[in-house]
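So the chains spell out like this:
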Amino acid sequence: MAGRWMDFGQYGADGAPGAEALGIAIEHMVTGIASPVDSERGLAARLRYLTKTDAGYEAMYRAGIHVSPRTLMAWLAEERTPNKANRARLDAAYWELRRRNVAAELKHRLNNGGRGTRVEINPVNQVGVDRKHRRDLSSRSVNVRGVWDRAVDAWMNDDLEELDAVWDEILDDLGSDFDAYSYVSSIGWAA
């Protein structure tokens, strides 16, 4: 990571590493079942989604759901309700599978046919910094292309080191002021 902010937050600036903000922004693109897993509708929808494919059964296994086929059928038929721990595992399995299933679509949307995506980068929040220590920073926009496949793959694998390398490539397009955006308050795009 770029590094003029060696002691980030020392004077009261508030923000997150750009790589982390990039992962959060990608995560916000993932949509799914809005009903909570504790609701009848939310539980039924997650069970249907997870039992449609072998990948769903694998996601349940990875999440720690080890029940008999009979129990699973009773859950699907709404004859029995999973306990709180299994509901939490079902929710985790659902979101993990959902992330895997939408990764290709995210790459497609962000690459935008090779045109890339316009990203708005919001600088760190300096409200808590004394005036004499504040940096003159403004929101910046940059068209990002060529890194989205790597970014989505790193996000999928929770690879913060690779997300950081991608973020550094994005910052290179900002010119001489790139290092001021190693930490940001947020980033966003419309893709």
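Caption draft 1: Spatial organisation of the nonpolar core. One finds L22, I121, W167, I187 and W189 to be the most contacted residues of the largest nonpolar core, which totals 38 residues. Of all elements in the fold, only α1 (18-27), α5 (84-111), β2 (117-123), β3 (140-144), α6 (148-156), α7 (160-172) and β4 (183-189) reach the threshold of two or more residues within this core. Here the element with the most residues in this core is α6; it accounts for 6 residues. Ignoring anything within four residues of it in the chain, the contact list for I187 reads A21, L22, A25, V119, E120, I121 and W167. Membership of the second largest hydrophobic core comes to 16 residues, among which are L43, A45, L72 and A93.

Caption draft 2: Seen up close, α7. Relative to the 18 Å expected for 13 residues at 1.5 Å per residue, α7 spans 18 Å between its end C-alpha atoms, a close match to the ideal helical length. Turning to α7, its buried residues number three or more, namely L163, D164, V166, W167, I170 and L171. End-on view of α7: buried residues confined to an arc of 165°, all on one side of the axis. Facing away from the buried side of α7 by more than 90 degrees, the exposed set consists of E161 and D172. Where α7 begins, the side chain of D159 points an oxygen toward the backbone nitrogen of E161, at a separation of 3.3 Å.

Caption draft 3: Molecular detail of the packing of α5 against α6. With their axes 9 Å apart at the nearest point, α5 and α6 run at an angle of 160° to one another. Taken together, the axes of α5 and α6 lie roughly antiparallel to each other. Here α5 runs over α6; the crossing is right-handed. Packed against α5, whose contacting residues are R99, R100, A103, L106, K107, L110 and N111, the element α6 presents W148, D149, V152, D153, W155 and M156 at the interface. A class-by-class count of the residues in the contact of α5 with α6 yields 7 nonpolar, 1 polar and 5 charged.

Caption draft 4: Up close: the environment of S138. Assignment of secondary structure puts S138 in the loop between β2 and β3. On the accessibility criterion, S138 (43% relative accessible area) is partly exposed. Residues S138 and I121, 17 residues apart in the sequence, show an inter-C-alpha distance of 8.7 Å. Excluding residues that lie within four positions of it along the chain, S138 makes contacts with I121, P123 and Y181.

The rules behind each value
Residues numbered from 1 in each chain as written. Predicted model: local features only at pLDDT ≥ 70, side-chain atom pairs only at ≥ 80, totals over all residues. Heavy atoms only, no water. Core = buried A, V, L, I, M, F, W, Y, C linked by side-chain atoms within 4.5 Å. Buried < 20%, exposed > 50% of the residue type's maximum accessible area, 1.4 Å probe, protein only. Helix = DSSP H or I, 4+ residues; strand = E, 2+ residues; numbered from the N terminus. Contact = heavy atoms within 4.5 Å. Expected span 1.5 Å × (residues − 1). Arc of directions from axis to C-beta. Polar contact = N/O pair within 3.5 Å; in protein donor to acceptor, adjacent residues only side chain to side chain. Axes fitted to C-alpha atoms, helices over the stretch in contact; angles between N-to-C directions. Parallel < 35°, antiparallel > 145°, perpendicular 65-115°, else oblique. Left-handed = near helix turned anticlockwise from the far one by under 90°. Nonpolar A, V, L, I, M, F, W, Y, C, P; charged D, E, K, R; others polar.

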